[in-house]
Number of protein chains: 2
Amino acid sequence: MSVTVVGSIAFDAVRTPAGERERMLGGAGTHFALAASFFDRVHVVGPVGEDFSDSDMEILATRGTITTDVDRVAGGRTFFWKGVYGDDLNDRETLETQLNVFEHFRPQLSQESRACDVLFLANIQPELQASVLDQCDTPSFVALDSMNLWIDIARETLVSVIRRVDCVVLNDAELRQLTGKPTLIAAAREVISWGPSIVVAKQGEYGSALITADDFFSLPAYPLQTVTDPTGAGDTFAGGLVGYLASRPDQLTDPDRDTLAVAMAYGTAIASFNVEEFGTERVARLRAEEIDRRVAVLHRMTTFAPDVLTLETP
Amino acid sequence: MSVTVVGSIAFDAVRTPAGERERMLGGAGTHFALAASFFDRVHVVGPVGEDFSDSDMEILATRGTITTDVDRVAGGRTFFWKGVYGDDLNDRETLETQLNVFEHFRPQLSQESRACDVLFLANIQPELQASVLDQCDTPSFVALDSMNLWIDIARETLVSVIRRVDCVVLNDAELRQLTGKPTLIAAAREVISWGPSIVVAKQGEYGSALITADDFFSLPAYPLQTVTDPTGAGDTFAGGLVGYLASRPDQLTDPDRDTLAVAMAYGTAIASFNVEEFGTERVARLRAEEIDRRVAVLHRMTTFAPDVLTLETP
């Protein structure tokens, strides 16, 4: 099996209450690939500039990720994002966005990237997501992320792409914005009525929820004493989730609820490491045993046994 | 066993996207009692005005709650709160607060209320909470709620009361405000260092988390397609949680993690009914079997089985 991700590869400048970095490797495609690479061979597709060094490329290639579709644009500069987090780490402010090589990006997938079994359309312009979908042969499982900007300015195109995917991964506020429905359940059911069979709501420090036509699963975030940098947590989560599914080929065309729940746990565990250091620092050197341990803790901290139901109507 | 709750008994005026009520029975003491009454005999303590009707008192007495310590103040008017909720039901705006009989309230507990096994200090002025604690004989379990107002203007008194209780139930933002710690875990550990052995963080639509010295348990809210009125959800949750513990006398002095987790589930289930209609309407006529069914669903929707851990370091 193989996973293809199309998304941003970026340099980020970040300030958080824990410190700052003036330029670090980031981007949705990068964070997704670093997480998914634990489970399967990952092809990453996206443009970078001449300022993208060989050592940056090496980090991107961690655990065997294939970077031949990373296009180093002659004379170009890599996408740049600068942001600051306040004491409430759920709120961040974007100080600067330089699209650079992303401004004229038109994805061109190689034969190998097109032949993927699993496709992740990270948060980019919906029409580019559609173009990637057109190019791919017959992936068994397609998941998509997006953001408020595209819901604001390209909602129709976004909805037309959502109709073609199996799984939508969005922040819960974005799900409400996209559908105009006030509750998570109502919003997710609306998206499911468009075509996808799975909706995953990212809820930041509160964890995540998964909704299908007839089921609901919820998982808290892994509790941390200290959070250093939340940047990329959502993409790392998606990489763990989608990567885990790719490692279960028997489940890919119609994943059952139990498989999806374990996939959520792997996404959650890897994302918890991501936020403990800046950028890709922690996940790049993460070991599988460390992930497994946190999955086991997540299991323990969500387990309860109401085996003797105690109530009787007085 | 018996439970005593000291807190507000109020009339609420509420507008939500689902509709409005100009005057309905509410207040922390009311919502707590309606939930806790499923599990044990509840004594409710608080003042009301001459405008408090016999039919209001009957609702308060649902499932046998004892109202002899509800003081009907001659010439007084019942506490009144008016608020409005926007599309994001986590945000509400207070339009009006009339303290009325609460302005000069000095709790005087009867012999029966003093002799409780379990005491819940709902959100009132911290010095009144202290006075109630002084009056009670030797409750086995004491829990406390509070709010941002008291953290702002009476933090020192509040902390001195917190040192004397077993369990603190607060919104997660209030826990951070109270302690100045940025993460839930760091904030809860700080509170535990003051004396309480249990911290429960209410997280609104995201559910709740329970932290002890050596454990963490998290539970999502029960997912609802439609939320009509969130008013009183937190107090209903506390009533289910604390009420369940009161029904487990063997666990009261040092409740184990599994008992606390089931208590959280009962609080969560009852609170989910509370928000489906305005004020006390739904919980007043709720039946125990309905609660049990939602506890069972909560169990199913949080269960996952990572029995075969799949990762090996590549």
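Here, the structure is the one placed above.
First, a word on scope: everything that follows refers to the structure included in this document. (Residues numbered from 1 in each chain as written. Chains lettered and ligands numbered in written order. Predicted model: local features only at pLDDT ≥ 70, side-chain atom pairs only at ≥ 80, totals over all residues. Heavy atoms only, no water.)

**Some details on the sheet that holds strand S10 (residues 167–171) of chain B**
Sheet strands pair by backbone hydrogen bonding; their relative direction is either parallel or antiparallel. All names here are of chain B. Read from one edge to the other, the open sheet built from nine strands follows the order S5-S4-S1-S8-S9-S10-S11-S12-S13, with strand pairing classed as mixed. Both edges of this open sheet fall to strand S5 (70–72) and strand S13 (215–219), since each of them pairs with a single strand only. Neighbouring strand axes in the sheet, compared pairwise and without regard to direction, differ in orientation by 15° on average. Along the sheet, helix H10 (residues 257–274) makes contact with strand S11 (198–202), strand S12 (208–212) and S13, crossing S13 at roughly 20°. (Pairing = 2+ DSSP bridges. Helix = DSSP H or I, 4+ residues; strand = E, 2+ residues; numbered from the N terminus. Axes fitted to C-alpha atoms, helices over the stretch in contact; angles between N-to-C directions. Contact = heavy atoms within 4.5 Å.)

**Focus: the packing of helix H10 (residues 257–274) of chain A against helix H12 (residues 288–302) of chain A**
Residues and elements named next belong to chain A. The contact between H10 and H12 brings their axes to 9 Å, and the two run at 115°. For the pair H10 and H12, the sense of crossing is right-handed. Along the contact surface, H10 presents Ala265, Tyr266, Thr268, Ala269, Ile270, Ser272 and Phe273, while H12 presents Glu290, Ile291, Asp292, Arg294, Val295 and Leu298. Looking at side-chain class alone, the contact of H10 with H12 contains eight nonpolar, two polar and three charged residues. (Left-handed = near helix turned anticlockwise from the far one by under 90°. Nonpolar A, V, L, I, M, F, W, Y, C, P; charged D, E, K, R; others polar.)

**Thoughts on the packing of helix H7 (residues 172–179) of chain B against helix H8 (residues 184–194) of chain B**
Residues and elements named next belong to chain B. Across the interface, H7 lies against H8 with an axial gap of 9 Å and an inter-helix angle of 60°. Classed by the angle they form, the pair H7 and H8 counts as oblique. As for how H7 packs across H8, the hand of that crossing is left-handed. Contact with H7, carried on its side by Asp172, Leu175, Arg176, Leu178 and Thr179, involves Leu184, Ala187, Glu190, Val191 and Trp194 of H8 and no other residues of that element. (Parallel < 35°, antiparallel > 145°, perpendicular 65-115°, else oblique.)

**A closer look at the sheet that holds strand S12 (residues 208–212) of chain A**
Residue and element names in this part refer to chain A. Overall, mixed pairing links the nine strands, which are arranged S5-S4-S1-S8-S9-S10-S11-S12-S13 in an open sheet. Two strands bound the open sheet, and with one partner strand each, they are strand S5 (70–72) and strand S13 (215–219). Within this sheet the neighbouring strands show an average axis-to-axis angle of 15°, counted without direction. Here strand S1 (residues 2–6) runs beside strand S8 (residues 118–121); their pairing, made up of four bridges, is parallel. Paired with valine 6 across the bridge in S8 is leucine 121. In this fold helix H8 (residues 184–194) packs onto strand S10 (167–171), strand S11 (198–202), S12 and S13, with an angle of close to 45° to the strand it touches most, S12. This element, H10, spans S11, S12 and S13 of the sheet and lies at about 20° to S13.

**Focus on the packing of aromatic side chains**
Residue and element names in this part refer to chain A. For the structure shown, the criterion picks out 17 aromatic pairs over all chains. Relative to tyrosine 266, the ring of phenylalanine 39 lies with its centre 5.7 Å away and its plane at 85°, an arrangement referred to as edge-to-face. Of the two residues, phenylalanine 39 is situated in the loop between helix H1 (28–36) and strand S4 (41–48) and tyrosine 266 in helix H10; the sequence distance between them amounts to 227 residues. Accessibility classification places phenylalanine 39 together with tyrosine 266 in one group, the buried group. (Phe/Tyr/Trp six-rings, centres within 6.5 Å; stacked < 30°, edge-to-face > 60°. Buried < 20%, exposed > 50% of the residue type's maximum accessible area, 1.4 Å probe, protein only.)

Remember that the coordinates give geometry; whether it matters functionally is a separate question.
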